[in-house]
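# Descriptive structure summary
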Amino acid sequence: MIGIIGHGVVGKAASNTLKKSFELVIYDKYLESVSFSSLHACDFIFVIVPTPFDASKMQVDMSAVQESLDKLESINYSGIVIIKSTIPPGSTSNYEKMYNYDIVFNPEFLRESTTPNEDFANQDIVVLGTDNLDVYTKCKNMYSKVLKKDIDYFHVDATTAEMIKYSQNTMLASRVALANMIYDACADLNVDYDTVKNIAFDGFEILGPHMSQVPGPDGKRGFGGKCLPKDSSAFNSIFKSDLLSCILKYNSEVRDDLGNFLENYDKKIFLKKLEDE
């Protein structure tokens with residue numbers, strides 16, 4: 001039996017795949033669902049709750065994850081907890097010292113622009129962050145019952161797994177921002193950006209045409225969405241980078257909707273905090 005805490009976009013994608021082979025217990029405090037204590041009987045519990053970036057504090061709000069783990073401790077849960085919520089490197093390691101159950105960090109790689117259910121079911125890699133080989137094996141065996149047979153499993157420590165997630169989104173955010181900077185340079189020089197993009201970027205699979213499209217798929221400049229703004233900001237709050245700060249500043253100048261993706265976002269205050277770092 002598998003439990004899921006949090007039934008938003010990622011939670012639903014997970015349940016859509018897992019239900020093919022497992023009985024599920026789904027808990028979401030914002031939706032009509034089972035009692036939290038019903039999770040006690042589960043062998044695995046996925047924690048898939050929001051971890052927004054609070055722009056007023058310049059840090060990740062992990063209260064929903066903390067609340068979930070505290071409540072699992074209160075019901076004396078003793079199975080394996082799999083955190084899929086994006087959390088800063090080192091968080092899982094700290095949690096492991098606080099609770100009496102096994103914790104694995106297992107990043108999700110769903111894309112916002114495609115069907116999340118298909119992304120979850122057809123993922124090519126699974127990263128499992130834990131120092132415990134037995135726990136890793138149990139999680140891998142669980143996934144092998146519902147995912148494709150020819151995927152790659154990576155056994156790393158939890159901090160490395162957390163770093164993989166933040167690094168990927170920060171790199172993607174940087175690419176989008178750089179494409180926008182090049183777009184401006186082309187405009188200044190009266191060069192057709194689409195010609196440059198088609199020849200310089202689109203033919204290189206590692207870049208991907210959707211990363212260099214300006215305006216982006218959402219019709220706006222810069223990078224938005226649920227992941228790139230919060231994760232690149234979070235990365236910069238943990239590992240200070242002049243380059244990334246510049247990218248975040250630039251993105252704040254060209255986007256007019258970051259308040260939809262960052263908690264307590266105020267453009268002037270956010271830019272001032274980046275300047276002061």
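Residues numbered from 1 in each chain as written. Predicted model: local features only at pLDDT ≥ 70, side-chain atom pairs only at ≥ 80, totals over all residues. Heavy atoms only, no water.

Let us look at the overall build of the chain. On a plain count of helices and strands, the chain comes out with 10 helices and 9 strands. Its C-alpha atoms give the chain a radius of gyration of 20 Å, within 12% of the compact-globule value 19 Å for 277 residues. Structurally, the chain occupies a C-alpha span of about 65 × 40 × 35 Å along its principal axes. Scored against the burial criterion, the 277 residues of the chain give a buried share of 48%. Sequence-distant contacts in the chain: of pairs separated by 6 or more residues, those separated by 24 or more amount to 67%. Here the chain has roughly 13,600 Å² of accessible surface; of this, 53% comes from carbon and sulfur atoms. With 28 positive and 39 negative side-chain charges, the chain shows a spacing of 2 Å between the two charge centroids. (Helix = DSSP H or I, 4+ residues; strand = E, 2+ residues; numbered from the N terminus. Rg over C-alpha atoms; globule rule 2.2 N^0.38 Å. Buried < 20%, exposed > 50% of the residue type's maximum accessible area, 1.4 Å probe, protein only. Contact = heavy atoms within 4.5 Å. Areas by Shrake-Rupley, 256 points an atom, 1.4 Å probe, with all protein chains shown as cover. Lys, Arg positive; Asp, Glu negative; His and termini not counted. Charge placed at Lys NZ, Arg CZ, Asp CG, Glu CD.)

Let's shift gears to the environment of Thr130. Turning to its location among the elements, Thr130 is positioned in the loop between strand 8 (125-129) and helix 5 (133-144). Thr130 sits in the buried class, given a relative accessible area of 4%. Considering only alpha carbons, one finds Thr130 and Val156, 26 residues apart in sequence, at a separation of 6.3 Å. In this structure, Thr130 is in contact with Ile103, Val104, Val135, Tyr136, His155, Val156, Asp157 and Ala158, ignoring residues within four places of it in sequence. Within polar-contact distance, the side chain of Thr130 engages the backbone nitrogen of Asn132 at 3.0 Å. (Polar contact = N/O pair within 3.5 Å; in protein donor to acceptor, adjacent residues only side chain to side chain.)

Negative charge collects at one region of the surface, where Glu96, Asp102, Asp131 and Asp157 lie side by side. Positionally, Asp157 belongs in the loop between strand 9 (152-156) and helix 6 (158-188). (Patch = residues over 30% accessible without salt bridge, like charges linked within 9 Å, V, L, I, M, F, W, Y side chains within 5 Å. Salt bridge = Lys/Arg side-chain N within 4 Å of Asp/Glu carboxyl O.)

For the pair helix 6 and helix 9 (residues 242-254), the least separation of the axes is 10 Å and the interaxial angle reads 60 degrees. When the axes of helix 6 and helix 9 are compared, the pair comes out oblique. Helix-helix and strand crossings are classified by hand; for helix 6 and helix 9 the assignment is left-handed. Two secondary-structure elements touch here, helix 6 through Thr170, Ala173, Ser174, Ala177, Asn180, Met181 and Asp184 and helix 9 through Leu244, Ile247 and Tyr250. Class assignment of the residues belonging to the contact of helix 6 with helix 9 gives a composition of 6 nonpolar, 3 polar and 1 charged. (Axes fitted to C-alpha atoms, helices over the stretch in contact; angles between N-to-C directions. Parallel < 35°, antiparallel > 145°, perpendicular 65-115°, else oblique. Left-handed = near helix turned anticlockwise from the far one by under 90°. Nonpolar A, V, L, I, M, F, W, Y, C, P; charged D, E, K, R; others polar.)

In this structure the tally under the stated criterion is 12 salt bridges. Two residues, Lys165 and Glu108, come together in a salt bridge whose shortest N-O distance is 3.5 Å. Highlighted residues: Lys165 in helix 6 and Glu108 in the loop between strand 7 (102-105) and helix 4 (116-121), separated in sequence by 57 residues. Look at Glu108 and you get buried, because its relative accessible area is 8%. For Asp256, the salt bridge is made with Lys220, and the minimal N-O distance between the two is 3.2 Å. Separated by 36 residues along the polypeptide, Asp256 in the loop between helix 9 and helix 10 (267-276) and Lys220 in the loop between helix 7 (193-200) and helix 8 (228-238) bring together distant segments of the chain. Among the ionic contacts, a cluster of salt bridges with common partners joins Asp218, Arg255 and Asp257.

Take the pairing of strand 1 (residues 2-5) next. Alternating positions in strand 1 separate into two faces, Ile2 and Ile4 on one and Gly3 and Ile5 on the other, with burial throughout. In this view, the connection linking strand 1 to its parallel neighbour strand 2 (residues 24-27) by way of helix 1 (residues 9-18) has right-handed handedness. (Right-handed = clockwise from strand over helix to strand, strands pointing away.)

A few words on helix 5. In this model, helix 5 (12 residues) spans 16 Å end to end at C-alpha, consistent with the 16 Å of a helix rising 1.5 Å per residue. Those residues of helix 5 lying buried are Val135, Tyr136, Cys139, Met142 and Tyr143. End-on, the buried residues of helix 5 take up no more than an arc of 130 degrees, which puts them together on one face. Near the N-terminus of helix 5, the side chain that reaches the backbone nitrogen of Asp134, with its oxygen 2.9 Å away, is that of Asn132. (Expected span 1.5 Å × (residues − 1). Arc of directions from axis to C-beta.)

Working note: regular strand, side chains alternate between the two faces of the sheet. Side chains of strand 3 (residues 44-47) alternate between two faces, with Phe44 and Phe46 and Ile45 and Val47 buried alike. Across 4 bridges, strand 1 lies against strand 3 in parallel orientation. Considered in strand 3, the bridge of Ile2 is made with Phe44. With 4 bridges connecting them, strand 3 and strand 6 (residues 80-83) associate as parallel partners. Each bridged residue has a counterpart across the sheet, and for Phe44 the counterpart in strand 6 is Ile80. (Pairing = 2+ DSSP bridges.)

Quick look at the side chain of Ser91 now. Mapped onto the secondary structure, Ser91 falls in helix 3 (residues 91-98). Engagement of the side chain of Ser91 in a polar contact is seen with the backbone oxygen of Pro88, the distance being 2.7 Å.

Inspection of the entire model under this criterion finds 8 aromatic pairs. Ring centres of Tyr99 and Tyr101 lie 5.5 Å apart, and the angle between their planes is 10 degrees; this geometry places the pair in the stacked category. For the pair Tyr265 and Phe270, a centre-to-centre distance of 5.3 Å together with 55 degrees between the ring planes defines the contact as tilted. An aromatic cluster is defined as three or more aromatic residues linked by ring pairs; in this entry it consists of Tyr77, Tyr95, Tyr99 and Tyr101. (Phe/Tyr/Trp six-rings, centres within 6.5 Å; stacked < 30°, edge-to-face > 60°.)

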